[in-house]
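# Coordinate inspection notes
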Amino acid sequence: MKIKVLFDKRSRIRGLNVGWGLSFLIDDIALFDTGEKGEWLIENMENLGVDINKIENVIISHDHWDHTGGLWSFLELNSRINLYITPGFSADFKEKAKKYGVNLNECKDSCKVTENIFTSGELASIYKGYTLAEHSLVIKINREVSVLTGCSHPGIINILKKVNDDFGNDKFHLVMGGFHLLNREKIDIIKIVSQLKEFKIDMIGATHCTGEEAEAIIKEEFGEKFFEVKVGDIIEI
């Protein structure tokens, strides 16, 4: 399977839009998150040769502007999709999505998207004084499991533990996305990275809200298993 990075804060190719949030395309048919701005996402799709009409499934990790921002522009071009969210998304988001005629799936537990693609099931966290629901995307090929995260508000360790328990995997082939370590104290980052190393992880791509200091620590600890995530990248798993 191939994962194309459509939106992120850094680019591999000059001229592509970058910003806050992220968007990954899996095997040309499943889109995970949509970045902060629709115009930027659509332009990147066009410049990267993505056929928007081939995308059948869209998974949104959580109800924050930098992950939902490109969705509405996408739906203007292709609303014949299965949209996967969690019950904890806002009523406003759900009503707006329904107006486009999408097949809306609210996944409290893991949902099967395709033969190899699943949602992780909902995890909750407290963000700025209110409860925030988030789920991740899981790719399972035989016994190899990969996880794509949006912001990891519930904690990257909690997410990986849940996937480990629910999917019965021996190891993680790939862990990629935002790990929400930006502005955390260095001692906390070191502790979390130490816990990350307890998992068997073949490839790790920390980006978005992970933060530069945390990315540097993860790179140092994981060595050649670490890679930078940039718009235009294609990761094969």
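Let us look at the structure shown here. What you see is a predicted model, and the numbers here were worked out from it, not measured in a lab.

Pairing is mixed across the open sheet formed by seven strands, whose spatial order is S6-S5-S4-S3-S2-S1-S14. If you trace the sheet from one side to the other, it starts and ends with strand S6 (103-106) and strand S14 (234-236), each paired once. In this sheet, adjacent strand axes meet at a mean angle of 20 degrees when their direction is disregarded. Pairing geometry for strand S5 (residues 82-85) and S6, over four bridges, is parallel.

For the rest of this paragraph, the subject is the state of the cysteines. Among covalent bonds in proteins, the disulfide is the one between the sulfur atoms of two cysteines. Tallied over the entire structure, the rule returns one disulfide. Two residues share a disulfide in this structure: Cys107 and Cys111, whose sulfurs sit 2.2 Å from each other. Across the S-S bond linking Cys107 and Cys111, the dihedral sits near -110 degrees, which makes this disulfide left-handed. A disulfide-free cysteine, Cys151 has its sulfur positioned 3.6 Å from the sulfur of Cys209, the nearest such atom. Residue classification places Cys151 among the buried residues on the basis of a relative accessible area of 5%.

Glancing now at the sheet that holds strand S12 (residues 171-178). Judged by pairing direction, the sheet is mixed, and its five strands sit side by side in the order S7-S10-S11-S12-S13 without closing on themselves. The outermost strands of the open sheet, each flanked by one partner alone, are strand S7 (117-119) and strand S13 (201-207). Along the sheet, successive strands turn relative to each other by an average axial angle of 15 degrees, direction set aside. Sheet analysis places S12 next to S13, joined by six bridges and oriented parallel. Counterpart to Gly177 in the pairing with S13 is Ala206.

Basis of the calculations
- Within any chain, residue numbers begin from 1 and follow the written order of that chain's sequence.
- Predicted model: local features are reported for residues with pLDDT of at least 70 only, side-chain atom pairs are reported and counted for 80 or more only, and whole-chain, interface and lining totals are derived from all residues.
- Think of the side-chain values as coming from all heavy atoms in the structure, minus any hydrogens and water.
- By this definition, two strands are paired if DSSP reports at least two bridges between them.
- Each helix is a run of DSSP H or I of at least 4 residues and each strand a run of E of at least 2, with the numbering of both proceeding from the N terminus.
- Inter-axis angles, ranging from 0 to 180 degrees, are taken between N-to-C directions of lines fitted to C-alpha atoms, where helices are fitted over the stretch in contact.
- In plain terms, two cysteine sulfur atoms within 2.5 Å form what is called a disulfide here.
- With a 1.4 Å probe rolled over the protein chains alone, any residue whose accessible area is under 20% of its type maximum counts as buried; one over 50% counts as exposed, and the rest are partly exposed.

In short, geometric facts, not functional conclusions.
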